[in-house]
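Each chain, letter by letter, is given below.
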Amino acid sequence: MIHPIDYRYGTAEMKYVWSQENRLVKLLQVEAALARAEADMGLIPADSAEIISESISSVKSERVDEIESEIHHDMMAVVTAISEQCRDNAGKWVHFGATSNDILDTATALQIKDAIDLLEDKLKILLGVLVDKAEAHKHTVCCGRTHGQIGVPTTYGLRFAIWASEISRHLDRLHQLTPRATVGQMTGAVGTQAAFGKAGILIQKLTMQYLGIGAVDVSSQIIQRDRHAEFVMWMANTVTTLDKIGIEIRTLQRSEIAEIEESFGKKQVGSSTMPHKRNPIKSEQICGLARIVRAMVEPELLNNTLWDERDLTNSSSERIVFPEACVLTDHILKLGINVIENLRFYPENIRRNLELLRGLNMGEAVMIELAKRGVGRQEAHELVRTAAMKAHDTGQHFKIVLLETPDIARYLTATDIENLVNPDKYIGTAVEQVELLVLKLREAYSL
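Residues numbered from 1 in each chain as written. Predicted model: local features only at pLDDT ≥ 70, side-chain atom pairs only at ≥ 80, totals over all residues. Heavy atoms only, no water.

### Focus on the overall build of the protein chain
Secondary structure assignment for the protein chain yields 19 helices and six strands. The principal-axis extents of the C-alpha atoms in the protein chain amount to approximately 100 × 55 × 40 Å. Every one of the 447 residues in the protein chain was classed for burial, and the buried ones make up 51%. Long-range pairs, those at least 24 residues apart, make up 76% of the contacts in the protein chain between residues at least 6 apart in sequence. Taken as a whole, the protein chain presents about 21600 Å² of accessible surface, with 53% of it coming from carbon and sulfur. Averaged over its 50 positive side-chain charges, the protein chain has a centre that lies 7 Å from the centre of its 61 negative ones. (Helix = DSSP H or I, 4+ residues; strand = E, 2+ residues; numbered from the N terminus. Buried < 20%, exposed > 50% of the residue type's maximum accessible area, 1.4 Å probe, protein only. Contact = heavy atoms within 4.5 Å. Areas by Shrake-Rupley, 256 points an atom, 1.4 Å probe, with all protein chains shown as cover. Lys, Arg positive; Asp, Glu negative; His and termini not counted. Charge placed at Lys NZ, Arg CZ, Asp CG, Glu CD.)

### Digging into the environment of Asp393
Structurally, Asp393 can be placed in helix H15 (residues 377-394). Counting along the chain gives 270 residues from Asp393 to Leu123, while the straight-line C-alpha distance between them is 48 Å.

### Remarks on the packing of helix H2 (residues 20-40) against helix H5 (residues 74-85)
Closest axis-to-axis distance for the H2/H5 pair is 11 Å, and the angle between their directions is 65°. On the basis of their axis angle, the class for H2 and H5 is roughly perpendicular. Helix-helix and strand crossings are classified by hand; for H2 and H5 the assignment is right-handed. Residues Leu24, Leu27, Leu28 and Glu31 of H2 pack against Met75, Val78, Val79 and Ile82 of H5. Residue composition of the contact of H2 with H5, grouped by class: seven nonpolar, no polar and one charged. (Axes fitted to C-alpha atoms, helices over the stretch in contact; angles between N-to-C directions. Parallel < 35°, antiparallel > 145°, perpendicular 65-115°, else oblique. Left-handed = near helix turned anticlockwise from the far one by under 90°. Nonpolar A, V, L, I, M, F, W, Y, C, P; charged D, E, K, R; others polar.)

### Describing the side chain of Ser317
Summarising the element assignment, Ser317 is placed in helix H12 (residues 313-341). Side chain to side chain, Ser317 and Asn303 meet in a polar contact 3.2 Å long. (Polar contact = N/O pair within 3.5 Å; in protein donor to acceptor, adjacent residues only side chain to side chain.)

### As for the pattern of salt bridges
Inspection of every chain in the model, using the stated rule, returns 28 salt bridges. Across the pair Lys122 and Asp330 runs a salt bridge, and its minimum N-O distance is 2.9 Å. Remark: Asp330 occurs in helix H12 and Lys122 occurs in helix H6 (residues 100-136); sequence separation between them is 208 residues. Each member of the pair, Lys122 as well as Asp330, is classed as buried. A salt bridge links Arg385 to Glu382, with the nearest nitrogen and oxygen atoms 3.0 Å apart. Of this pair, Arg385 and Glu382 are both found in helix H15, three residues apart, which corresponds to roughly one turn of the helix. Judged by its relative accessible area of 37%, Glu382 is partly exposed. Through salt bridges with shared partners, a single ionic network connects Glu13, Lys122 and Asp330. (Salt bridge = Lys/Arg side-chain N within 4 Å of Asp/Glu carboxyl O.)

### Describing the nonpolar core
Judged by nonpolar contacts, the single largest core of 73 residues is most densely connected at Leu126, Phe160, Phe231 and Met235. Ranked by residues supplied to this core, first place goes to H12 with 12 residues. (Core = buried A, V, L, I, M, F, W, Y, C linked by side-chain atoms within 4.5 Å.)

### Observations regarding the pairing of strand S2 (residues 149-155)
Taking burial as the measure, the seven residues of S2 include five buried ones, the bulk of the element. Note that strand S1 (residues 141-146) and S2 share five bridges and pair antiparallel. Bridge pairing in S2 links Cys142 to Thr154. Hairpin connection between S1 and S2: a loop of two residues separates the two successive antiparallel strands, and His147 in this loop has a positive phi of roughly 60°. (Pairing = 2+ DSSP bridges.)

### What about the domain arrangement of the protein chain?
Assigned domains within the protein chain: domain 1 (12-351) and domain 2 (357-425). Taken together, the contacts link six residues of domain 1 with six residues of domain 2. Interface of domain 1 and domain 2: buried area, both sides summed, is about 530 Å²; carbon and sulfur atoms make up 60% of it. Put simply, domain 1 and domain 2 have one salt bridge between them. (Domains from an automatic or database assignment. Buried area = accessible area lost by both parts, 1.4 Å probe.)

See the structure below:
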């Protein structure tokens, strides 16, 4: 074992999709579907197509590997292995009229279809978890931050709602790209279907109907890789959202902030030398692996820039790109579900941070109220800015400096100021926004 995917990352179900065993299953399914389609069109005998379909279950990967080691051609090894299992000379009709990538690329489409099913399922679970958190914390007022500095208040509910909305868009994108990424072809050498004669278009259509996927309109000897690149870019986009969430969780778990925390097992060890450590290792793993998935985008884009009707430079690259990107994306989604579902909240620290600046984070509320009461917006901004800088430099609570500023005190009473520096009273429509989004997503995705 030389790759951590073998023993450290990934789910068994996604690994199986891209396993050598399942790859052979898909190749055999395509060959059988082709034979049936050709029989329907009268290109090969119907009984031969039946025998070919029956024989594929007897093909063993060990025999395919043995043949490939002798002839050094993966697809012809499969064709030969099928032919060996066919009785009554039916084997001579295996792969009739097809080129290798008719089978290889169509099998890849079947694998991508299975991978998308797994990713969609996890994405929906993640969406549900985020929606639940948004609803549960719609009233949890906390510091909003920009540039790493405390700004006006927001709510944890709104934070989770923003992430949920983003995940819902990834689901929409997945639904849109699936018909483009899961197509097969049966076009023969350089894409002309010459070996199939005038029956080529119908043979391709029937083959894909048997397999339950769409067919290309046109292709060269291979399916054009813009389709696959879109899928890989979708995975990169999706894990980047998880990366963003992971970064925020790590930030909010910092010792100085300590508002939320990943779950931590009773016997979990945080450091080999610092026994007290409680590190956000799952979020860190999400962020680290997201980098690898994003790194798959450029190779797959370059796999679309082949010589003429085709060359082989895409093949070796895609043996790594497809399984690695899918396995890691699936793993990241599973981790994300676990982390978010089991987050711990520390209300006392959330409140402490809201009051950390001694009212300075409520400067906008004061400025807006002054403007409403007749002070020009620009003048109000300067009055509040000056008062804020004084409070910052002297360490006084902001409300005291405001009361001691005559140009402010003539418009605002002590009670006014007390209310204006209360963060719970300055969250705008945050609650309503969350409630509307939660309703929309629950209805749209049956959550």
